[in-house]
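Here is how the chains run, residue by residue.
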Amino acid sequence: MEYQPKKKPRRFIAGAVCPKCSEMDRTVIYSNDDGEEVRECISCGFIQTSSEQAAEDQARQEQAEGLATRVTPVGKAVLDDDEKPLKIIGLNESNK
């Protein structure tokens, strides 16, 4: 009889959605031989390590920081030329 190392337990992640096939509750997580956490979809076979996920998150964050929009201006707020402040009739400083 040959010695076989004990398999590391796999845990299902409740509510997790596979990024490849979009199946819910089909993702397991376990530690590989290098001690790194691995997530795997048992439906389509998608596998991703924690270091791959971290690199993907970092790239997504860098891309998001590079986008400049009116909603998230850098520095001063961008206003339209014909934009004016709202004045409420009947409200003055003495009524406060």
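Located above this text is the structure these notes cover.
As the structure is a computational prediction, the values presented were derived from the model and not from experiment.

1. What about the overall build of the chain?
1) Next: When its secondary structure is counted, the chain shows 1 helix and 4 strands.
2) Next: Taken from the N to the C terminus, the helices and strands of the chain come in the order β-β-β-β-α.
3) Next: Per-residue burial for the chain yields a buried fraction of 12% across its 96 residues.
4) Next: Across the chain, contacts joining residues at least 24 apart in sequence account for 12% of those joining residues at least 6 apart.
5) Next: Per element, the accessible surface of the chain, about 8,800 Å² overall, is 53% carbon and sulfur.

2. Quick notes on the sheet that holds strand β4 (residues 47-49)
1) Next: Reading across from one edge, β1-β2-β3-β4 is the order of the 4 strands in this open sheet, with antiparallel pairing throughout. The strands lining the two open edges of the sheet, one partner per strand, are β1 (11-12) and β4.
2) Next: Note: β1 against strand β2 (residues 27-31), 2 bridges, orientation antiparallel. Each residue of the ladder has a partner; that of arginine 11, found in β2, is isoleucine 29.

3. What about the side chain of glutamate 40?
1) Next: Relative to the elements of secondary structure, glutamate 40 occurs in strand β3 (residues 37-41).
2) Next: According to the relative accessible area criterion, glutamate 40 is buried, its value standing at 15%.
3) Next: Of note is the side chain of glutamate 40, whose polar atom sits 2.9 Å from the side chain of arginine 10.
4) Next: A distance of 3.1 Å separates polar atoms of two side chains, one belonging to glutamate 40 and the other to tyrosine 30.
5) Next: With residues near it in sequence (within four places) discarded, glutamate 40 still touches Arg10, Arg26, Thr27, Val28, Tyr30, Phe46 and Ile47.

4. Quick word on the pairing of β2
1) Next: Counting buried positions over the 5 residues of β2 gives 4, a clear majority of the element.
2) Next: Here β2 runs beside β3; their pairing, made up of 5 bridges, is antiparallel. Bridge assignment links threonine 27 to a residue of β3, and that residue is cysteine 41.
3) Next: Adjacent in sequence and paired antiparallel, β2 and β3 are bridged by 5 residues, among which glycine 35 carries a positive phi angle near 85°.

Calculation notes
- Residues numbered from 1 in each chain as written.
- Predicted model: local features only at pLDDT ≥ 70, side-chain atom pairs only at ≥ 80, totals over all residues.
- Heavy atoms only, no water.
- Helix = DSSP H or I, 4+ residues; strand = E, 2+ residues; numbered from the N terminus.
- Buried < 20%, exposed > 50% of the residue type's maximum accessible area, 1.4 Å probe, protein only.
- Contact = heavy atoms within 4.5 Å.
- Areas by Shrake-Rupley, 256 points an atom, 1.4 Å probe, with all protein chains shown as cover.
- Pairing = 2+ DSSP bridges.
- Polar contact = N/O pair within 3.5 Å; in protein donor to acceptor, adjacent residues only side chain to side chain.

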